[in-house]
Amino acid sequence: MPPPPFALLLLFAAAAAPPAPPGTALRPEAAEMGGPGGSAANTPRGTAPPTAAATTPLRGSAATTPRATAPPRGTAAPKGSAATTPRGAAPTKGTATALPKGTAPTPTKRTERGGPSSAAPTRGGPGPKAPVPRKKKLVRVKVVRKKVLKKRPKAPAKSPPAPQEQPCPPLGLESLRVQDSQLRSSSDKRYGLGAHRGRLNIQSGLYDGDFFDGGWCAGQEDAGQWLEVDARRLTNFTGVITQGLNSIWTYDWVTSYKVQFSNDTHTWQPCRNGTEEAVFPANKDPETPVLNALPCPAVARYIRINPQSWFENGTVCLRAEVLGCAMPDPNNIYQWPNEPAPTDKLDFRHHNYKEMRKLMKRVNEECPNITRIYSIGKSYLGLKMYVMEISDNPGRHEVGEPEFRYVAGMHGNEVLGRELLLNLMEYLCREFRRGNPRVVQLVTGTRIHLLPSMNPDGYETAYRLGSELSGWAMGRWTYEGIDLNHNFADLNTALWDAEDNDLVPHQFPNHYIPIPEYYTFANATVAPETRAVIDWMQRYPFVLSANLHGGELVVTYPFDMTRTYWKAQELTPTADDGVFRWLATVYATSNLAMASEERRLCHYDDFMRSGNIINGANWHTVPGSMNDFSYLHTNCFEITVELSCDKFPHVSELPTEWENNRESLLLYMEQVHRGIKGVVRDEETGEGIANAIISVDGINHDVRTAVDGDYWRLLNPGEYEVTARAEGYEAATRPCRVSFENVPTPCSFRLARRRLRGRGPPDLQLRLHRHRLRRLRAQRRAP
């Protein structure tokens, strides 16, 4: 369809216009039209066109051709990029003007007032003012092109950033590498608030009258108070971390402080920020750690923290950690603490979720014949809860082979157990390949399950902050704010109520106690992580387990909940108290840190007096604990191991922690073979009987057989009368002797089917009567 006549005139006029000088942009309107008018170079009204030398296009190019100047499709030229040539303006002599194909040039009738002789400069340039031109109505035709917008691809989800490691590790106030004798202060309120208490994350007592409190508090309130740390050798100090006082009675923290250095404790040099003495901002609450990197790291032996201001309603109190790198000093008479050097080449670092998966996959690829990775469920945020199985026949339960599990990371910020289990995977794989007889016997005779992270969401929260800045509680709970150590079903109360009414074990079971109905409701406050672990417990016949925690150096055993509900502490033993005490002692006495006689208290409890073991309820009551649930709902005996005073040790301390716990981890797994084991079979068919009850005389706690009829019963050395009973079978009893050797005593049973006595139920009587009649009729018909 041809264009309108008037539009053709505009096109002809534009085609006759001179080309634009170099560097002249197009106007948006001309660029959008895409026709000859949009491609012609033009000049402002009253402006003389440039000379031919400046505007002659290159050979073979058309300066006014639309295709040569139109912007790319879907884009617009910038605003103000072209000026329209006045209608009727004559092109410059020598200028090449291209016309659209099939069109002829239109002669110019007359020029505008103020032609070439009175040319004005370009926009913004100096020169005489141009005369006002006559206004003429211009008609512009726009051709709108549809723009196609392409959707931008979504950026891939970013993993949480790794914590920024400081150039120097902590000296060890929190991890107790710094001894009490290395801490001094200007003054203190009392011994329980002395300089030896000024350690990062140290906790106060929970009860009124506790001797120790959580931090150092100066005896006077002035800017001359200080807390001093003796590094015992030249150290390059790079930073200071502070907290307020941990107390349930008062609120105290320092809001600013200065730092000083010395080599002899007599002459002190302040830390300077340029020419002025630096004043560092400190805390705004008692618990959040605040890191201040020193503007100019200093090499010295002693460092002082000098508080300058503090919470207006409190006093001078703080907890601290110092960052520094030890410097070589041949003249130093003190030796750095002799720590066991790791001999195992393992991956000693903190692993986030992705790195944990990579390590587990690598171990599985190195030892595919003895390892298997599987998931027991997902966290609230969808992170899978991976388990590493280590066995000579992974993925299959073998009759007579006990199943063992380690669980770590119930509290996300207690990370040492997570790293120990990852290192244990590597160790078992490599030592099995090397033919280590102890490891080979353990792997071939035990089915081992390792769950390194029960609370992956909480760990990722703590990991983002790092080892020194996550504090005491950040990441402890799940993403929903649930403490998994209090989230299991309370089966203790139902058992104790039944025992008080003499209903156990005839009317109420002393084992395999069912989960209350309210706990199974969809709206019950049960974390998905807890449900996943419960399903895991019900799916595998675990015999022994340990739950790895952090923040103390002690091993606790059930019960964790006090029998008297209103008491916070009470000795509450189980029916297997002797076995539990033995299991706890095995781990505590073989742990290098717990067994050390030179170690100090982590916080305020002295567990060394009881061999570093304690009944859980006698320490503090924990309703809904996993240990109690495992003991009452399954066959599994489980203890809790508090691995370290520091919940989140620095990466530099992981090799030492592995050496402290390696023997304990192996020795405790070997205890799964302590006691008796056997298979309960049908006397006639020889097949295993599932869910048969195994009772030990004198112990009011039974266990049950697995699907294949095999069972394991942990017992201390001694003589026992063991009874096996199953529905539809006659009970059988036999003596079994447990030796002091760590080898299970075989104690199997063959049960005979029970014969009916008495009249029996009516339907059974009717069937028997009909059977007798059939037999009588058959006898009469016989010749």
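Before reading further, recall that the structure is shown in the block above.
Conventions we followed
- Within any chain, residue numbers begin from 1 and follow the written order of that chain's sequence.
- At least 70 in pLDDT is required for a residue's local features to be given in this predicted model, at least 80 for side-chain atom pairs to be given and counted, and no such filter applies to totals for whole chains, interfaces and linings, which use all residues.
- Here the side-chain values reflect all heavy atoms present in the structure, with hydrogen atoms and water set aside.
- Note on pairing: DSSP must find at least two bridges between two strands before they are called paired.
- Secondary structure counts use DSSP, requiring at least four H or I residues in a row for a helix and at least two E residues in a row for a strand, with both numbered from the N terminus.
- Helix axes are fitted to C-alpha atoms over the stretch in contact, other axes to C-alpha atoms as well, and angles between N-to-C directions run from 0 to 180 degrees.
- Contact between two residues is taken to exist if any of their heavy atoms lie within 4.5 Å; hydrogens are not considered.
- Grid points spaced at 1 Å over the protein atoms alone were grouped into cavities, where a 1.4 Å probe fits but cannot get out, and pockets, open sets with protein on both sides within 12 Å along at least five of seven lines, with lining residues defined by an atom within 4 Å of a point.
- Grid points are joined across faces, edges and corners, and a volume is the space filled by probe spheres set on the points.
- Only Asp, Glu, Lys and Arg are considered charged, only Ala, Val, Leu, Ile, Met, Phe, Trp, Tyr, Cys and Pro nonpolar, and every remaining residue, Gly among them, polar.
- Pairing of aromatic rings covers Phe, Tyr and Trp, the last through its six-membered ring, and needs centres within 6.5 Å; plane angles under 30 degrees mean stacked, over 60 mean edge-to-face, and all others mean tilted.
- Counted as over-ring charges are cases with an Arg CZ or a Lys NZ within 6 Å of the ring centre that also lie within 35 degrees of the ring normal.
- Using a 1.4 Å probe on the protein chains alone, a residue whose accessible area is under 20% of its type maximum counts as buried, one over 50% counts as exposed, and one in between counts as partly exposed.
- Two N or O atoms form a polar contact when they lie within 3.5 Å of each other; inside protein one atom must be a possible hydrogen donor and the other a possible acceptor, and for residues adjacent in sequence the pair counts only when both atoms belong to side chains.
- Our working definition of a disulfide is a cysteine sulfur pair at a distance within 2.5 Å.
- The working definition used for a salt bridge is a side-chain nitrogen of Lys or Arg within 4 Å of a carboxyl oxygen of Asp or Glu.
- The labels follow the angle: roughly parallel below 35 degrees, roughly antiparallel above 145, roughly perpendicular from 65 to 115, and oblique for the rest.
- The sense of a crossing depends on the near helix, which, turned anticlockwise from the far helix by less than a right angle, makes the crossing left-handed and, turned clockwise, makes it right-handed.

## A few points about the sheet that holds strand E13 (residues 403-408)
Read across the open sheet, the eight strands follow the order E11-E12-E14-E13-E15-E18-E16-E17; overall the sheet is mixed. Single-partner strands in this sheet number two, and they are strand E11 (371-378) and strand E17 (613-615). Mean inter-strand twist for the sheet, computed between neighbouring axes without regard to direction, equals 20°. On top of the sheet, helix H15 (residues 626-633) reaches E13, strand E15 (542-549) and strand E18 (637-642); it is set at about 165° to E18, its chief contact. Across the face of the sheet, helix H16 (residues 654-670) comes into contact with E13, strand E14 (447-451), E15 and E18 while running at roughly 145° to E13.

## Looking at empty space enclosed by the protein
Per the counting criterion, the structure on display carries two cavities of 30 Å³ or more. For the largest cavity, the calculated volume is near 60 Å³. Within the lining of the largest cavity, the residues separate by chemical class into seven nonpolar, two polar and two charged. Volume-wise, the second largest cavity comes out at about 50 Å³. Lining the second largest cavity are Pro 541, Phe 542, Val 543, Asn 635, Val 703, Arg 704, Thr 705, Ala 706, Asp 710, Tyr 711 and Trp 712. Here the lining of the second largest cavity gets three residues from one element, more than from any other, and that element is strand E22 (residues 710-713).

## Some details on the packing of aromatic side chains
For the structure shown, the criterion picks out 22 aromatic pairs. On the basis of an interplanar angle of 90° and a centroid distance of 5.5 Å, the ring pair of Trp 496 and Phe 559 is categorised as edge-to-face. Of the two residues, Trp 496 is situated in helix H10 (residues 492-500) and Phe 559 in the loop between strand E16 (554-557) and helix H12 (577-590); the sequence distance between them amounts to 63 residues. Connected via pairs of aromatic rings, a cluster forms that spans Trp 496, Phe 559, Phe 580, Tyr 631 and Phe 637. Directly above the aromatic system of Phe 542 lies the positively charged group of Arg 405, at a separation of 4.9 Å from the ring centroid. Its guanidinium or amino end placed over the ring of Tyr 459, Arg 418 lies 3.6 Å from that ring's centre, counting from NZ or CZ.

## Side note on the environment of Ser 545
One can find Ser 545 in strand E15. We classify Ser 545 as buried; its relative accessible area is 0%. When the C-alpha positions of Ser 545 and Tyr 406 are compared, they lie 5.6 Å apart, and in sequence the two are 139 residues distant. Not counting residues up to four positions away in its chain, the partners in contact with Ser 545 are Phe 404, Arg 405, Cys 636, Phe 637, Glu 638, Ile 639 and Tyr 668. Side-chain polar atoms of Ser 545 contact the side chain of Glu 638, separated by 2.8 Å.

## Details of unusual backbone geometry
Residue Pro 505 is reached from Val 504 by a cis peptide bond, and omega for that bond is 5°. Summarising the element assignment, Pro 505 is placed in the loop between H10 and helix H11 (528-539). Note the cis peptide between Pro 558 and Phe 559, where omega equals 0°. A positive phi angle is found at Tyr 512, which is not glycine, with a value near 45°. Here Tyr 512 shows up in the loop between H10 and H11. Phi at Asn 612 is positive, roughly 65°, even though this residue is not glycine. Note on placement: Asn 612 falls in the loop between helix H13 (592-595) and E17. Among the residues examined, Asn 612 registers a relative accessible area of 6% and is labelled buried.

## Things to note about the state of the cysteines
The full count for this structure, using the stated rule, is five disulfides. Here Cys 168 engages in a disulfide with Cys 325; their sulfurs sit 1.8 Å apart. Across the S-S bond of Cys 168 and Cys 325 the torsion is about -110°, and the bridge reads as left-handed. Placement of the pair is Cys 168 in the loop between helix H5 (66-69) and strand E1 (183-185) and Cys 325 in strand E10 (residues 317-326), with a sequence separation of 157 residues. What makes Cys 325 partly exposed here is its relative accessible area of 21%. Each disulfide pairs two cysteine sulfurs, and for Cys 217 the partner residue is Cys 317, the sulfurs being separated by 1.9 Å. Given an S-S torsion of about 115°, the disulfide between Cys 217 and Cys 317 has right-handed geometry. Linking Cys 217 in strand E2 (residues 216-217) with Cys 317 in strand E10, this pair joins segments that are 100 residues apart in sequence. The buried category is assigned to Cys 217, whose relative accessible area is 1%. Counting its disulfide-bonded cysteines in sequence order, the protein chain shows a connectivity of 1-4, 2-3, 5-6, 7-8, 9-10. Between Cys 296, a free cysteine, and Cys 271, which holds the nearest cysteine sulfur, the sulfur-to-sulfur gap is 6.7 Å.

## Some words on the pattern of salt bridges
Summed over the entire model, instances satisfying the criterion amount to 33 salt bridges. For Arg 304, the salt bridge goes to Glu 228, with nearest N and O atoms at 3.0 Å. Separated by 76 residues along the polypeptide, Arg 304 in strand E9 (residues 290-310) and Glu 228 in strand E3 (residues 227-243) bring together distant segments of the chain. The pair Arg 304 / Glu 228 is uniform in exposure class, with both members buried. Between Glu 570 and Lys 567 there is a salt bridge, with its nearest N and O atoms 4.0 Å apart.

## Overview of the packing of H11 against H15
The geometry of H11 relative to H15 is characterised by a closest axis approach of 11 Å and an angle of 30° between their N-to-C directions. Taken together, the axis directions place H11 and H15 in an arrangement best described as roughly parallel. As for the relative orientation of H11 and H15, their crossing is right-handed in sense. Contacts between H11 and H15 involve Val 533, Ile 534, Met 537 and Gln 538 from the first element and Met 626, Phe 629, Ser 630 and His 633 from the second. By residue class, the composition of the contact of H11 with H15 is five nonpolar, three polar and no charged.

## Here we look at the pairing of strand E20 (residues 693-696)
For a regular strand, side-chain orientation follows a simple rule: the groups alternate between the two sheet faces. Strand direction decides the pairing type here: E20 and strand E21 (residues 699-704), joined by three bridges, are antiparallel. Each bridged residue has a counterpart across the sheet, and for Ile 693 the counterpart in E21 is Arg 704. Counting the residues that bridge the hairpin from E20 to E21 gives two residues, and of these Gly 698 lies at a positive phi of roughly 95°. Pairing of E20 with strand E23 (residues 718-725), which is carried by four bridges, proceeds in the antiparallel orientation. Bridge assignment links Ile 694 to a residue of E23, and that residue is Ala 724.

## Re the packing of H12 against H16
Two numbers describe how H12 lies on H16: the axes approach to 8 Å, and their chain directions differ by 155°. Considering their axes alone, H12 and H16 lie roughly antiparallel with respect to each other. In terms of crossing hand, the pair formed by H12 and H16 is right-handed. Contacts between H12 and H16 pair Leu 583, Val 586, Tyr 587 and Ser 590 from the former with Asn 660, Asn 661, Glu 663, Ser 664, Leu 665, Leu 667 and Tyr 668 from the latter. Counted by class, the contact of H12 with H16 contains six nonpolar, four polar and one charged residues.

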